[in-house]
2 protein chains.
Amino acid sequence: MPKLLPYRKDLDYSYCLGVFPCLELIQARPDSVRRLLLDPRGEENTGVQKLTALCERRGIRREYSPKLLSRISRKDNCYAALVFDKYEDTLSPGACHVVLHHISDSGNLGTILRTWLGFGGMDLAIIRPAVDFFDPHALRASMGAAFKLRVRQYDRFEDYAKDFPGHRLYPFMLQGALPLEEAAAAARSPYSLIFGNEGAGLPEVFAGMGQSVVIPHRDSIDSLNLSVAAALGMYAFGRAGNPGGER
Amino acid sequence: MPKLLPYRKDLDYSYCLGVFPCLELIQARPDSVRRLLLDPRGEENTGVQKLTALCERRGIRREYSPKLLSRISRKDNCYAALVFDKYEDTLSPGACHVVLHHISDSGNLGTILRTWLGFGGMDLAIIRPAVDFFDPHALRASMGAAFKLRVRQYDRFEDYAKDFPGHRLYPFMLQGALPLEEAAAAARSPYSLIFGNEGAGLPEVFAGMGQSVVIPHRDSIDSLNLSVAAALGMYAFGRAGNPGGER
């Protein structure tokens, strides 16, 4: 492995920051892990010790790189990170999906990954341009959920739709045709819950795809926060007897 | 008014950053507004012009303070802010409440304020120690919702409970006794939906108050994000025929 660089989108590896997400990564994707980075200040930490032992058992090289760690984490209290190869998943054609179209905030992405996993979802597509799934801060915001899900990034929505012709599409839009409760009650699996950009929402063209959905709210706000809207969608579709994934 | 200082919790005034929230503030709380701060680079902006005209009509002094603006906003593109006196609201005893106990993240607070307003809620209590409601960044994250709600900060939960003896308490906890759907279906208004700190949740003692609620999720995640959990609670209680506020 060449000299490690601060994270960039075009690198073919990324960093998983913090003990808890690292434990999730090494459990979920052991073959992608390349190296363990440690800060000597974390040596007494039992989580760090557990992680170190796990890496040792798997023959993963460890090194002390406090400077690189603090540079990539932008925090002083990150005592461990894993370097791992970026990977590509294939989504399950039988499972329900969440599709994130041009979303831009890494915190929202992380929260949505975590919520989807919590509600039994397993598959998620990201349509570019969008926040980089492998950005260490997005991964961190997901609290490790990122590694347990199957996630695929697409350059065009059409490519996604072509891969899953059997999926019923539910684009969430402010001008959606059906209120959430009704759409969820009549939902057919497998479905794709589609959410747009934080500011702009989904482009108008999505209104003509599948069954567009609106989450009713008062006029006193412009819109709901993206990760809130996505959670409400997952929850309502799940409680209507259409839980997220095949499990 | 003395020389303006960068925001601090102990000041008796705060700053509202950005044109849109400023328009909301001046509409909702005109008497609390003291001064308009402008960056000359924003002069061509129609929102800034609208805000300037509104302030002129109300006799609110304006001044150009680009340095102070960029200091308090920590961004370069904030062209307008209002200085306003901190105020204190009284919550309505007939309305449903959201109660945030020791929450620490200003983004979460802002998102929860916005969601609650969107679902028809009007009243919200914050139990200290907690993120400062008047922190300009919390206000900004609410997208102006903060000024439309009635918000009260309490030093102890007991003080809140004493003020509203007629409210049925619903503490949200990982070890809550009743799943969200069942609790919402049997809910009695007026109610208080109570949410705890991002990391620690609510203290154990809340399990003995009112009807504790759990939002069921898979073991694959530790917990839902706080603003997601709060939104699901508001949504489920609202759809069970117990909307948030009296309106």
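Heads up: the structure comes first, above all this text.
Bear in mind the structure is a predicted one, so any value in this text is a computation, not a measurement. (Residues numbered from 1 in each chain as written. Chains lettered and ligands numbered in written order. Predicted model: local features only at pLDDT ≥ 70, side-chain atom pairs only at ≥ 80, totals over all residues. Heavy atoms only, no water.)

Draft legend 1. A look at the overall build of chain A. A tally of helices and strands in chain A yields nine helices and 11 strands. Whereas a compact globule of 247 residues would reach a radius of gyration of roughly 18 Å, chain A reaches 19 Å, a difference of no more than 12%. For chain A, the C-alpha atoms occupy an extent of roughly 55 × 35 × 30 Å along the three principal directions. Taking all 247 residues of chain A together, 57% fall into the buried category. Restricting the contact set of chain A to residue pairs at least 6 apart, pairs at least 24 apart contribute 82%. Averaging the positions of the 30 positive and the 28 negative side-chain charges in chain A gives two centres separated by 5 Å. (Helix = DSSP H or I, 4+ residues; strand = E, 2+ residues; numbered from the N terminus. Rg over C-alpha atoms; globule rule 2.2 N^0.38 Å. Buried < 20%, exposed > 50% of the residue type's maximum accessible area, 1.4 Å probe, protein only. Contact = heavy atoms within 4.5 Å. Lys, Arg positive; Asp, Glu negative; His and termini not counted. Charge placed at Lys NZ, Arg CZ, Asp CG, Glu CD.)

Draft legend 2. Here's a closer look at helix α4 (residues 106-118) of chain B. Residue and element names in this part refer to chain B. Under the 1.5 Å per step criterion, the end-to-end length of α4 is 18 Å for 13 residues, consistent within 8% with the ideal 18 Å. Counting buried positions along α4 gives 11 out of 13 residues, so the element sits mostly inside the fold. For α4, the complete set of buried residues consists of Asn-108, Leu-109, Gly-110, Thr-111, Ile-112, Leu-113, Arg-114, Thr-115, Trp-116, Leu-117 and Gly-118. If you check the start of α4, you find a side-chain oxygen 3.0 Å away from the backbone N of Gly-107, and it comes from Asp-105. Where α4 terminates, the next one or two residues include Gly-120, which has phi positive at roughly 90 degrees. (Expected span 1.5 Å × (residues − 1). Polar contact = N/O pair within 3.5 Å; in protein donor to acceptor, adjacent residues only side chain to side chain.)

Draft legend 3. Summary view of the relation of the copies chain B and chain A. In screw terms, the move from chain B to chain A is a rotation of 180 degrees and a rise of 0.0 Å along the axis, fitting with an RMSD of 0.0 Å. On the angle and the small slide along the axis, the relation comes out as a two-fold axis. No C-alpha of chain B approaches the rotation axis more nearly than that of Val-228 of chain B, which lies at 2.7 Å. Of all interface residues in chain B, 100% are interface residues in chain A too; the two copies therefore contact each other through one and the same surface. (Least-squares fit on C-alpha atoms with pLDDT ≥ 70 in both.)

Draft legend 4. Here's a closer look at the sheet that holds strand β3 (residues 61-64) of chain B. Residue and element names in this part refer to chain B. Sheet architecture is open: four strands sit in the order β1-β4-β2-β3, paired in mixed fashion. Each edge of the sheet is formed by a strand with only one pairing partner; in this case those strands are β1 (13-17) and β3. Neighbour-to-neighbour, the strand axes of the sheet open up by a mean angle of 25 degrees, direction not taken into account. Against the sheet, helix α1 (residues 19-28) contacts β1, β2 (33-38) and β4 (80-85), and its axis sits at roughly 35 degrees relative to β4. Lying on the sheet, helix α3 (residues 66-73) is in contact with β1, β2, β3 and β4; it crosses β2 at an angle near 100 degrees. (Pairing = 2+ DSSP bridges. Axes fitted to C-alpha atoms, helices over the stretch in contact; angles between N-to-C directions.)

So, to be careful, I would describe these as geometric facts and stop short of saying anything about function.
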